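The chain contents come next:
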Amino acid sequence: MFDSLSDRLNGAFKGLRGKGRLTDADIDATCREIRLALLEADVALPVVREFIKRIKTRAKGAEVHGALNPAQQVVKIVNEELVGILGGETRRLALAKNPPTVIMLAGLQGSGKTTLAGKLAHYLRKQGHAPLLVACDLQRPGAVTQLQIVGERAGVAVFAPHPGTSVGDGSAPREVTVSDPINVARDGVAEARAKQHDIVIVDTAGRLGIDEELMRQAAGIRDAVQPDETLFVLDSMVGQDAVLTANAFAEGVGFTGVVLTKLDGDARGGAALSVREVTGKPIMFASSGEKLEDFDVFHPDRMASRILG
Ligand code: GDP
């Protein structure tokens, strides 16, 4: 994960090894290297600027710490600041006082929403919850079937629009309008309530790029089901565009947390390192492969340690 960034950062610290004392010039030179490493990894420029400023101030003002040599001290500061831009603490799901907890997934097509829906449902089931997956991606051909397959693998029920669907609200089975994901979302939550599911995960449609119709639809679903958590699903392989996409979703739909997907690929790290600072929303989960188990709660400190090797 983020191999090139790790190599570049470790290279930046090399010049400090063996030094008994660090001059301001040493720190400036190292910060230049760190800056280049972050820019090359596609970290957003304002995030890089602020990061470097903090490292410089802290490194120059650092008290000599008995147990650490100067190089180790700088690495420690960089590590702490990395944990900071990754969000500091792990943020857990906020469960509703009155179940079901509604979790809505939003993001571009191909970001990994449907795959993630299955992983999240599987994870929550293992934690003793009874989730219901709701298929509201009626745009991408095959998305509903894909969610049904994923749900089956995860051992989790799926509410999908098909003729004659019982909506579980006490009324007779009626047809769900296939073209209206907002109705499906609403009926999905009613189904969860009727069948004692304590968590509802709503998979929504994405587009290849940001567009108004997509945002309107996602906002409509949000208004209909009033999610307790809206998770923005972000493909970590996306470079500079990650920030634009995140901002567009923050503005158009709003979200409470971020899920990073495809961390098993050769992502450079920019999306992961920028999204928290740019949006102010925590990264909550990390997804890193095709298997249901390739998924975990996001731990900023572990991610920072991995980056610094
Ligand atoms: P959606 O359009 O947002 O629902 O995206 P999908 O869940 O269909 O994922 C798009 C593609 O990315 C599929 O081929 C998935 O198998 C793949 N994918 C999703 N998550 C991951 C991941 O964490 N790692 C890898 N390597 N591939 C993933």
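Per an unreviewed UniProt entry, the recorded name for the chain is Signal recognition particle protein, and the organism is Lolliginicoccus lacisalsi. UniProt lists a comment for the chain under the heading Subunit (unreviewed entry), and it reads "Part of the signal recognition particle protein translocation system, which is composed of SRP and FtsY." Under the UniProt heading Sequence similarities (unreviewed entry), the entry covering the chain gives this text: "Belongs to the GTP-binding SRP family. SRP54 subfamily."

What follows deals with the UniProt feature "domain: SRP54-type proteins GTP-binding" (unreviewed entry) in the chain. Mapped onto the present numbering, the UniProt feature "domain: SRP54-type proteins GTP-binding" (unreviewed entry) falls at residues 282-295. Structurally, residues 282-295 comprises 0% helix and 43% strand, and the distance from its first C-alpha atom to its last is 16 Å.

Time to look at the packing of aromatic side chains. Counted according to the given criterion, the structure contains five aromatic pairs. Consider the rings of Phe 232 and Phe 249, whose centres lie 5.2 Å apart with planes at 35°: the pair is tilted. Within this pair, whereas Phe 232 is found in strand β5 (residues 229-235), its partner Phe 249 is found in helix α9 (residues 241-252), the two being separated by 17 residues in sequence. Their ring planes at 20° and their centres at 4.9 Å tell us that Phe 232 and Phe 255 sit as a pair that is stacked. Here Phe 232 is found in strand β5, whereas its partner Phe 255 is found in the loop between α9 and β6 (257-261), with 23 residues between them in sequence. Comparing Phe 232 with Phe 255, the two get one shared label, buried. Taken together through their ring pairs, the aromatic side chains of Tyr 123, Phe 285 and Phe 295 make up a single cluster.

It is worth spelling out the layout of surface pockets at this point. The computed volume of the largest pocket comes to approximately 270 Å³. Taken together, 14 residues line the largest pocket, and the ones lying closest to its centre are Met 1, Ala 286, Asp 296, Val 297 and Arg 306. Of all the elements in the fold, those that place two or more residues in the lining of the largest pocket are β7 (283-287), β8 (295-297) and α11 (300-308). Its residues placed into classes, the lining of the largest pocket shows seven nonpolar, three polar and four charged.

So, about the side chain of Asp 294. Inspection of the secondary structure assignment puts Asp 294 in the loop between β7 and β8. No salt bridge is formed by the buried Asp 294, whose closest oppositely charged neighbour, Lys 291, lies at an N-O distance of 4.1 Å.

This part takes up the side chain of His 122. Within the secondary structure, His 122 is located in helix α5 (residues 113-126). Residue His 122 is classed as buried on the basis of its relative accessible area of 10%. If near-sequence neighbours (up to four positions away) are discounted, His 122 is found in contact with Ala 154, Val 156, Leu 292 and Glu 293.

Glancing now at the environment of Arg 58. Tracing the backbone shows Arg 58 in helix α3 (residues 45-60). Note: C-alpha distance between Arg 58 and Gly 151 (93 residues apart in sequence) is 49 Å. With residues up to four places along the chain from it excluded, the contact list for Arg 58 reads Ile 77, Glu 80 and Glu 81. A distance of 2.4 Å separates polar atoms of two side chains, one belonging to Arg 58 and the other to Glu 80.

Basis of the calculations
- Residues numbered from 1 in each chain as written.
- Predicted model: local features only at pLDDT ≥ 70, side-chain atom pairs only at ≥ 80, totals over all residues.
- Heavy atoms only, no water.
- UniProt positions renumbered as here; feature names shortened; annotations may be inferred.
- Helix = DSSP H or I, 4+ residues; strand = E, 2+ residues; numbered from the N terminus.
- Phe/Tyr/Trp six-rings, centres within 6.5 Å; stacked < 30°, edge-to-face > 60°.
- Buried < 20%, exposed > 50% of the residue type's maximum accessible area, 1.4 Å probe, protein only.
- 1 Å grid on protein atoms, 1.4 Å probe; cavity = no way out; pocket = protein on both sides within 12 Å on 5 of 7 lines; lining within 4 Å.
- Points joined across faces, edges and corners; volume = space filled by probe spheres on them.
- Nonpolar A, V, L, I, M, F, W, Y, C, P; charged D, E, K, R; others polar.
- Lys, Arg positive; Asp, Glu negative; His and termini not counted.
- Salt bridge = Lys/Arg side-chain N within 4 Å of Asp/Glu carboxyl O.
- Contact = heavy atoms within 4.5 Å.
- Polar contact = N/O pair within 3.5 Å; in protein donor to acceptor, adjacent residues only side chain to side chain.

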